[in-house]
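Breakdown of the fold
Below are the chains, spelled out letter by letter.
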Amino acid sequence: NAGVTQTPKFRILKIGQSMTLQCTQDMNHNYMYWYRQDPGMGLKLIYYSVGAGITDKGEVPNGYNVSRSTTEDFPLRLELAAPSQTSVYFCASRVERGEQFFGPGTRLTVL
Amino acid sequence: QKEVEQNSGPLSVPEGAIASLNCTYSDRVSQSFFWYRQYSGKSPELIMSIYSNGDKEDGRFTAQLNKASQYVSLLIRDSQPSDSATYLCAVNIGTAGNKLTFGGGTRVLVKP
C-alpha cells in the first residue's frame, strides 16, 4: 500500500492565483482530513470528510474548498491565494476511532 | 481551556535518560488516544495508540492513560538523539469518532 499520497510536494503561487492540492489514499478509509501547519505551530484542521459526498468545516476553512466524490480522493482547492495561506498542508485518513495516517505534506508559498 | 493541552517545551533530556511527556484533555468520555512524533519538516508519524486505562508498552515507549484524571502520558526510555522531535498528543474527543483533536506538541531535545 502507498498509504496517503499528496501532490505536489512544493508549490509557489502568486497572490490571487488558484490551485488544487491532491490527496489520495489506498487504505479504503472513510475519514479524510486536511490540516495546515504554520512554522513552529500545531496542526489546524481545515476540512474533513466522513465519506464520499460528505464534507464538513474544521477550525480554519476560510479561503478553501473541498470535495469528496470517491473514497480514495480528497482534493483541497485554494481560491484567490493570499500570503496568509503560506503553510505546509497535510492530508490524513483513518477509520472511525482508529489511527490516523498522514501524507508527506505540500509546502506552499504565496508571494 | 483547550480541548487537548501539552507543555510546549522544550524538554531537554540527557542521552540514556527517561523523557516524560504529559497531555491533558477536556472531555471525560473520550475513548481513543494517540501519540505522534514529528521531525522538523516531516509529517507526523504514529508512535502509540491507547484505548484503556493503564500502561501500554512498545519497545522504548510506554503510554499511560488515566481516564478518571483525564490525562495521557508518554515515557521514552533510554532516550537517543534520534528521539529529538516534537511529540503530538491526539484525542478522539467525546464519543463521536469523526475527528482527532491535537495538542500543540512538546518539543523534546536529547543531548548526547
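Before reading further, recall that the structure is shown in the block above.
Now for a look at the structure at hand.

Parameters and conventions
- Residues numbered from 1 in each chain as written.
- Chains lettered and ligands numbered in written order.
- Predicted model: local features only at pLDDT ≥ 70, side-chain atom pairs only at ≥ 80, totals over all residues.
- Heavy atoms only, no water.
- Helix = DSSP H or I, 4+ residues; strand = E, 2+ residues; numbered from the N terminus.
- Rg over C-alpha atoms; globule rule 2.2 N^0.38 Å.
- Buried < 20%, exposed > 50% of the residue type's maximum accessible area, 1.4 Å probe, protein only.
- Contact = heavy atoms within 4.5 Å.
- Areas by Shrake-Rupley, 256 points an atom, 1.4 Å probe, with all protein chains shown as cover.
- Lys, Arg positive; Asp, Glu negative; His and termini not counted.
- Charge placed at Lys NZ, Arg CZ, Asp CG, Glu CD.
- 1 Å grid on protein atoms, 1.4 Å probe; cavity = no way out; pocket = protein on both sides within 12 Å on 5 of 7 lines; lining within 4 Å.
- Points joined across faces, edges and corners; volume = space filled by probe spheres on them.
- Nonpolar A, V, L, I, M, F, W, Y, C, P; charged D, E, K, R; others polar.
- Core = buried A, V, L, I, M, F, W, Y, C linked by side-chain atoms within 4.5 Å.
- Buried area = accessible area lost by both parts, 1.4 Å probe.
- Salt bridge = Lys/Arg side-chain N within 4 Å of Asp/Glu carboxyl O.
- Polar contact = N/O pair within 3.5 Å; in protein donor to acceptor, adjacent residues only side chain to side chain.

What follows deals with the overall build of chain A. In terms of regular secondary structure, chain A is built from 0 helices and 11 strands. Counting from the amino terminus, chain A carries its helices and strands in the arrangement β-β-β-β-β-β-β-β-β-β-β. Here the C-alpha atoms of chain A give a radius of gyration of 13 Å, agreeing with the 13 Å that 2.2 N^0.38 yields for 111 residues. Summarising its shape, the C-alpha atoms of chain A cover approximately 35 × 25 × 25 Å along the three principal directions. The buried share of chain A, reckoned over its 111 residues, is 44%. When contacts within chain A are restricted to residue pairs at least 6 apart in sequence, those whose partners lie at least 24 apart make up 53%. Roughly 5300 Å² of accessible area belongs to chain A as shown, and the carbon and sulfur atoms make up 51% of that amount. In chain A, which carries 11 positive and 9 negative side-chain charges, the distance between the mean positions of the two groups comes to 9 Å.

With that out of the way, let us pick up the layout of surface pockets. Approximately 1100 Å³ is the volume found for the largest pocket. Gln37(A), Met41(A), Gly42(A), Leu43(A) and Gly104(B) are, among the 44 residues lining the largest pocket, the residues nearest its centre. For the lining of the largest pocket, the elements supplying multiple residues, two or more each, are strand S4 (31-37), strand S5 (43-51), strand S9 (87-94) and strand S11 (106-110) of chain A together with strand S1 (4-6), strand S9 (85-92), strand S10 (101-102) and strand S11 (106-111) of chain B. Of the residues assigned to the lining of the largest pocket, the class counts are 15 nonpolar, 19 polar and 10 charged.

Another point: the nonpolar core. If you look at the biggest cluster of nonpolar residues, it comprises 24 residues, and the most contacted ones within it are Leu21(B), Trp35(B), Val72(B), Leu74(B) and Tyr87(B). Counting residues per element, the ones that place at least two in this core are strand S3 (19-25), strand S4 (32-38), strand S5 (45-50), strand S7 (61-66), strand S8 (71-76), S9 and S11 of chain B. Once residues within four sequence positions are removed from consideration, Leu21(B) is found in contact with Leu11(B), Trp35(B), Val72(B), Ser73(B), Leu74(B), Ile76(B), Tyr87(B), Thr106(B) and Val108(B). In this structure, Met32(A), Trp34(A), Leu76(A) and Tyr89(A) belong to the second largest nonpolar core, which totals 19 residues.

All right, on to the interface of chain B and chain A then. Taken together, the contact pairs 22 residues of chain B with 20 residues of chain A. Of the roughly 1500 Å² buried at the junction of chain B and chain A (both faces included), carbon and sulfur atoms supply 53%. Our count for the contact surface shared by chain B and chain A stands at 0 salt bridges. Put simply, chain B and chain A have 4 residue pairs in polar contact (both at pLDDT 80 or more) between them. Elements supplying a minimum of two residues to the side of chain B that touches chain A: S4, S5 and S9 of chain B. Among the residues making up the side of chain B that touches chain A, the classes are represented as 9 nonpolar, 11 polar and 2 charged.

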